[in-house]
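# Descriptive structure summary
Given next are the chains, with one letter for each unit.
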Amino acid sequence: MIRRIAGPLLLTAIQITLGGLMTGYGSPTAAAQLRYYRSNATAMLLEEITEAERDDYRYHLVRDQRDPERELRRLFEDGEEKLVQRLEFDDGRLSSKTELTGEQVLRRYEYGEGRRVKVEERFRDGELDTRLEYEYDGHQITQVSVFDAEGTRLYRDRYSYRDDGRLRRVVREGKLGGDQAEADAERFHIEFSFVDGQLRSEWHELGEHSTAVRYDAVGRIAQLMVWAGEDHERIHEYRYHSSAPDSAVEVERIQVPGRELEEWRRNDSAGRVVERVLMIGGETVERDEYEYENGLLVQERRYREEDLRVVRYEYDEQERLQEERWTRNGVPELLREYRDDERMSELHFRHGSAVLRVEYRGGQRLREEVLRDGEVVRVREYAAE
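Let me sum up the structure you'll find in this document. Please read these numbers as outputs of a predicted model, since none were measured by experiment.

### Re the overall build of the protein
- Each helix and strand in the protein was counted, giving one helix and 29 strands.
- Out of the 385 residues in the protein, the part that is buried amounts to 37%.
- Surface summary for the protein: the accessible area is close to 23,400 Å², and the carbon and sulfur share equals 44%.

In structure tokens form, the structure reads like this:
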């Protein structure tokens, strides 16, 4: 949705500014004002430390304050420089911050009152990619507008809050496809709703398609519904093994109302499918059961009307698949053997008797042998060994 467009004029201005900053910090006559801090991956000033203590921490930050209007911060991870921050002040108030890796600009921020971000510029490969403009009501963000490098607005986020100050809703609106001013650009609308600061539902609209997502009390997806116009395309519902946030899905239910289709999937506590049921018009038309040993699938049972197909899997000591044995209502149907990563053979049965053996290499058919009463009666060669 966000297009990469270079912003050469703005980038040039930033490079000129940075050139001046580099000159100021490189002055050999400036008095050293270096301070050292324990830090983290986000370059926070956590605790002031001595220069000798730098190697005691994974992250440390060096702060250079030789100029009251400028400040240089260098973040190190295990002794290697990861990020440079160049801060500028206006009468003691932070006015801007530029972040770089090496000499390449990553982000640039402009600040207003209360050190709140007014403008954020994001760069890709050293070129301006997107620009974000922030609006506030007191200390709360009310709107964020996102523009491409040419100044065309991509989308806008609007924020609303509850009486206690906690976030209630975020609404995102914009257009997709071509220039935002074009009449054929497709509008999109998204709403995120929160309860007690936690995301509980989403609503997405794009053209005639809509999607609703609902989350449970611990943040897991509970239901997903998709519409085409006013008609439901499908509905997904999820039930979990326990109330733990990382619990696996126990049952997934999928409905396609327009086709009277309903599918159930039951999973074990490791998230593996152990049963699948497909219903059409309230009647079961397919049912599959899966068995596992030591984390490996060892058997499938596939019920189709009057048929029961069973597939058994065998592995070697390195847990590599060696054989698949297929039976239909207890009668052999197919034996598939894997010799290595390239070679595989299939033995096909009819009414329980072997009738055809096929050899493959790298997915390519090499040879066929037609069998009768266990004897080879005809051979077809398809590729050289």
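### As for the side chain of E202
- Within the secondary structure, E202 is located in strand β14 (residues 198-206).
- Buried charged residue E202 carries no salt bridge. Nearest counter-charge: R172, at 9.5 Å.
- Side chain to side chain, E202 and H204 meet in a polar contact 2.7 Å long.
- Of the polar contacts made by the side chain of E202, one reaches the side chain of Y215; its length is 2.5 Å.
- Residue contacts for E202: discarding those within four places in its chain leaves E191, F192, T211, A212, V213 and Y215.

### Quick look at unusual backbone geometry
- Phi is positive for D125, close to 55°, though the residue is something other than glycine.
- Mapped onto the secondary structure, D125 falls in the loop between β8 (117-124) and β9 (127-137).
- Even without being a glycine, H351 presents a positive backbone phi close to 55°.
- Note that H351 resides in the loop between β26 (343-350) and β27 (353-361).
- Look at H351 and you get exposed, because its relative accessible area is 78%.

### Some words on the side chain of Q299
- For Q299, the position within the fold is in strand β22 (residues 296-304).
- Accessibility expressed as a relative area gives 10% for Q299, which makes it buried.
- At 3.0 Å, the side chain of Q299 forms a polar contact with the side chain of R312.

### Here's the deal with the packing of aromatic side chains
- All chains considered together, the criterion is met by two aromatic pairs.
- Their ring planes at 35° and their centres at 6.4 Å tell us that Y109 and Y111 sit as a pair that is tilted.
- On the basis of relative accessible area, Y109 is assigned to the buried category, the value being 13%.
- Look at Y111 and you get buried, because its relative accessible area is 9%.
- Between W203 and W227, the aromatic rings sit 5.4 Å apart at their centres with planes inclined by 50°, giving tilted as the arrangement. Residue W203 is located in strand β14, and its partner W227 is located in strand β16 (residues 221-228); the two are separated by 24 residues in the primary sequence.
- On the basis of relative accessible area, W203 is assigned to the partly exposed category, the value being 27%.
- You can call W227 buried: its relative accessible area is 14%.
- Positioned above the aromatic ring of Y109, the side-chain terminus of K97 is 5.3 Å from the ring centre.
- Lying across the ring of Y136, R116 places its NZ or CZ 5.3 Å from the centre.

### Thoughts on the environment of A244
- Following the sequence through the fold, A244 ends up in the loop between β17 (231-240) and β18 (249-256).
- Separated by 24 residues in sequence, A244 and R220 have C-alpha atoms that sit 9.7 Å apart.

### Regarding the pairing of strand β24 (residues 321-328)
- Here strand β23 (residues 307-315) pairs with β24 via seven bridges, running antiparallel. Residue pairing across strands places E314 opposite E323, the latter belonging to β24.
- Where β23 hands over to β24, the hairpin turn is made up of five residues, of which E319 adopts a positive phi near 65°.
- Two strands pair when backbone bridges link them, and β24 and strand β25 (residues 331-338) are joined in this way by six bridges, in the antiparallel orientation. In the sheet register, R328 faces β25, and the bridge partner there is V331.
- Turn length for the β24-β25 hairpin, with the two strands adjacent in sequence and antiparallel, is two residues, and the turn residue N329 shows positive phi of about 50°.

### A short note on the pattern of salt bridges
- Considering all chains together, one arrives at 49 salt bridges under this definition.
- Close ionic contact of R253 with E237 constitutes a salt bridge, the shortest N to O distance being 3.3 Å. With R253 in strand β18 and E237 in strand β17, this residue pair connects regions lying 16 residues apart in the sequence.
- Since its relative accessible area comes to 22%, R253 is described here as partly exposed.
- Its relative accessible area of 25% is what places E237 among the partly exposed residues.
- R367 is the partner of E381 in a salt bridge, and the nearest nitrogen-oxygen pair spans 2.3 Å. Here E381, found in strand β29 (residues 375-381), pairs with R367, found in strand β28 (residues 364-372); they are 14 residues apart in sequence, far enough to count as distant.
- A single salt-bridge network, built from bridges that share partners, covers E252, E263, R265, R276, E286, D288 and R304.

How each quantity is defined
Residues numbered from 1 in each chain as written. Predicted model: local features only at pLDDT ≥ 70, side-chain atom pairs only at ≥ 80, totals over all residues. Heavy atoms only, no water. Helix = DSSP H or I, 4+ residues; strand = E, 2+ residues; numbered from the N terminus. Buried < 20%, exposed > 50% of the residue type's maximum accessible area, 1.4 Å probe, protein only. Areas by Shrake-Rupley, 256 points an atom, 1.4 Å probe, with all protein chains shown as cover. Lys, Arg positive; Asp, Glu negative; His and termini not counted. Salt bridge = Lys/Arg side-chain N within 4 Å of Asp/Glu carboxyl O. Polar contact = N/O pair within 3.5 Å; in protein donor to acceptor, adjacent residues only side chain to side chain. Contact = heavy atoms within 4.5 Å. Phe/Tyr/Trp six-rings, centres within 6.5 Å; stacked < 30°, edge-to-face > 60°. Lys NZ or Arg CZ within 6 Å of the ring centre and 35° of its normal. Pairing = 2+ DSSP bridges.

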